[in-house]
Amino acid sequence: MTSNKSKNEQLAFVRVADLQETAPIRAACFNPTGDLYAVGSNSNTIWVCELPDITAITSEQRVAPALVVDKRERLHKLPVSCLAWNPSGELIASGSNDKTIKLTKFNSSTSRLTHTEMLVKVHDGAVRDVTFMEDTSSCTSLLISGGAGDCKIYVTDCDTGVPIKALSGHTGSILSLYTWGGAMFASGSHDKTIRFWDLRSGSFIHKISPIRPDGGTSPGTPPRISCFLFLRIQVTVCC
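Residues numbered from 1 in each chain as written. Predicted model: local features only at pLDDT ≥ 70, side-chain atom pairs only at ≥ 80, totals over all residues. Heavy atoms only, no water.

### Quick word on the packing of aromatic side chains
All told, the structure shown has 6 aromatic pairs when counted by the stated rule. Measuring from ring centre to ring centre gives 5.9 Å for Phe 30 and Tyr 37, while their planes differ by 65 degrees; the resulting arrangement is edge-to-face. Judged by centre distance (5.7 Å) and plane angle (75 degrees), the ring pair of Trp 197 and Phe 204 falls under edge-to-face. Judged by its relative accessible area of 1%, Trp 197 is buried. (Phe/Tyr/Trp six-rings, centres within 6.5 Å; stacked < 30°, edge-to-face > 60°. Buried < 20%, exposed > 50% of the residue type's maximum accessible area, 1.4 Å probe, protein only.)

Take a look at the structure:
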């Protein structure tokens, strides 16, 4: 991929790998180094795939089958709805319609999922999104999760699997979560708001609601603030 494109040169998206699955694919995420990606589907399964070499791709690049390096079947009792890789690349979180989250250890040296799993049961509805944050004070990973049910966002210590915070504010299911580092993150909800949170505070610090043409706020389409891979799943790069 090159960044110094001329003004007249058009960017092109080229499919380089396909993962074929009989059930709908619900989630995908890259590891921190970008050479692996994980995929979850309605078959209650997650795959870990290796990204092909993209250093010399062309617009005529042939699509190759995804290189699956590991697979965990029946990880959940119901479909996998969301995935996240922690910043160190050693832990994958999967949320499911079965109301649970699984924290699965990943061996970066062998590119394999280990059989060390931690079950997190804090939600009373389907889990819709998960994301990791780093606790800089203790150098441990924190998991932020949200979904249907009580409309709360939970913060879980990944070392113990114990929730340390339950954040209230949304009045509808949490659909998406995003963090950019530090102690802050954002959440999108079926209540048609985006809320910004600081873990050093006990509640949200800012709320964005849909804007009417007259400048007021009104109901609208529930926001989605997270982005996934181009899915079938087909891994696409820009050249």
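### Focus on the sheet that holds strand S3 (residues 36–41)
Taken in spatial order, the 4 strands of this open sheet run S2-S3-S4-S6, and their pairing is antiparallel. With partners counted over all chains shown, the strands left at the sheet margins are strand S2 (25–30) and strand S6 (67–72), one partner each. Averaged over all pairs of adjacent strands, the angle between strand axes in this sheet comes to 20 degrees, irrespective of strand direction. Relative to strand S4 (residues 46–50), S3 runs antiparallel, the two sharing 5 bridges. Among the inter-strand pairings, Val 39 is bridged to a residue of S4, identified as Trp 47. (Pairing = 2+ DSSP bridges. Helix = DSSP H or I, 4+ residues; strand = E, 2+ residues; numbered from the N terminus. Axes fitted to C-alpha atoms, helices over the stretch in contact; angles between N-to-C directions.)

### Things to note about the pairing of strand S14 (residues 163–167)
The pairing of strand S13 (residues 153–157) with S14 spans 4 bridges and is classified as antiparallel. Pairing of Ile 153 across the sheet is with Leu 167, part of S14.

### Remarks on the confidence of the model for the chain
When pLDDT is averaged across the chain, the result is 85; 82% of the residues are at 70 or more. Confidence drops under a pLDDT of 50 for residues 224–233, and excluding neighbours within four residues, the segment shows 32 contacts in the predicted structure. (pLDDT = per-residue confidence, 0-100. Contact = heavy atoms within 4.5 Å.)

### Let's talk about the sheet that holds strand S18 (residues 204–208)
Across the sheet, 4 strands lie side by side as S15-S16-S17-S18; this open sheet has antiparallel pairing. Unpaired on one side and paired on the other, strand S15 (174–179) and S18 mark the two borders of the sheet. For this sheet, the mean inter-axis angle between neighbouring strands, taken without regard to orientation, is 20 degrees. With 4 bridges connecting them, strand S17 (residues 194–198) and S18 associate as antiparallel partners. By the bridge assignment for S18, Ile 194 is matched with Ile 208.

### Brief notes about the pattern of salt bridges
Applying the stated rule across the entire model yields 6 salt bridges. Here Arg 15 and Asp 18 are joined by a salt bridge, their closest N and O atoms 2.5 Å apart. For Arg 15, a relative accessible area of 30% corresponds to the partly exposed category. The class for Asp 18 is buried, based on a relative accessible area of 9%. Taking the shortest distance from any N to any O, the salt bridge between Lys 71 and Glu 73 comes out at 3.6 Å. Since its relative accessible area comes to 45%, Glu 73 is described here as partly exposed. (Salt bridge = Lys/Arg side-chain N within 4 Å of Asp/Glu carboxyl O.)

### So, the environment of Trp 197
Relative to the elements of secondary structure, Trp 197 occurs in strand S17. For Trp 197 and Ala 186, which are 11 residues apart along the polypeptide, the C-alpha to C-alpha distance reads 6.1 Å. Those residues in contact with Trp 197 that sit more than four places away from it in its chain are Ile 153, Leu 167, Ser 168, Gly 169, His 170, Ala 183, Met 184, Phe 185, Ser 187, Ser 203, Phe 204 and Ile 205. A polar contact of 3.4 Å, which involves the side chain of Trp 197, links it to the backbone oxygen of Arg 195. (Polar contact = N/O pair within 3.5 Å; in protein donor to acceptor, adjacent residues only side chain to side chain.)

### Observations concerning the environment of Pro 52
Looking at where Pro 52 falls in the secondary structure, it is placed in the loop between S4 and strand S5 (64–65). Taking relative accessible area as the criterion, Pro 52 reaches 29% and is therefore assigned partly exposed. Pro 52 sits 16 residues away from Leu 36 along the chain, and the two C-alpha atoms are 9.1 Å apart. In contact with Pro 52, not counting residues within four places along its chain, are Val 16 and Ala 17.

### Some words on the side chain of Ser 111
Looking at the secondary structure, you find Ser 111 in the loop between strand S9 (101–107) and strand S10 (112–120). Once you skip the residues sitting within four places of it in the chain, Ser 111 turns out to touch Leu 36, Val 69, Asp 70 and Phe 106.

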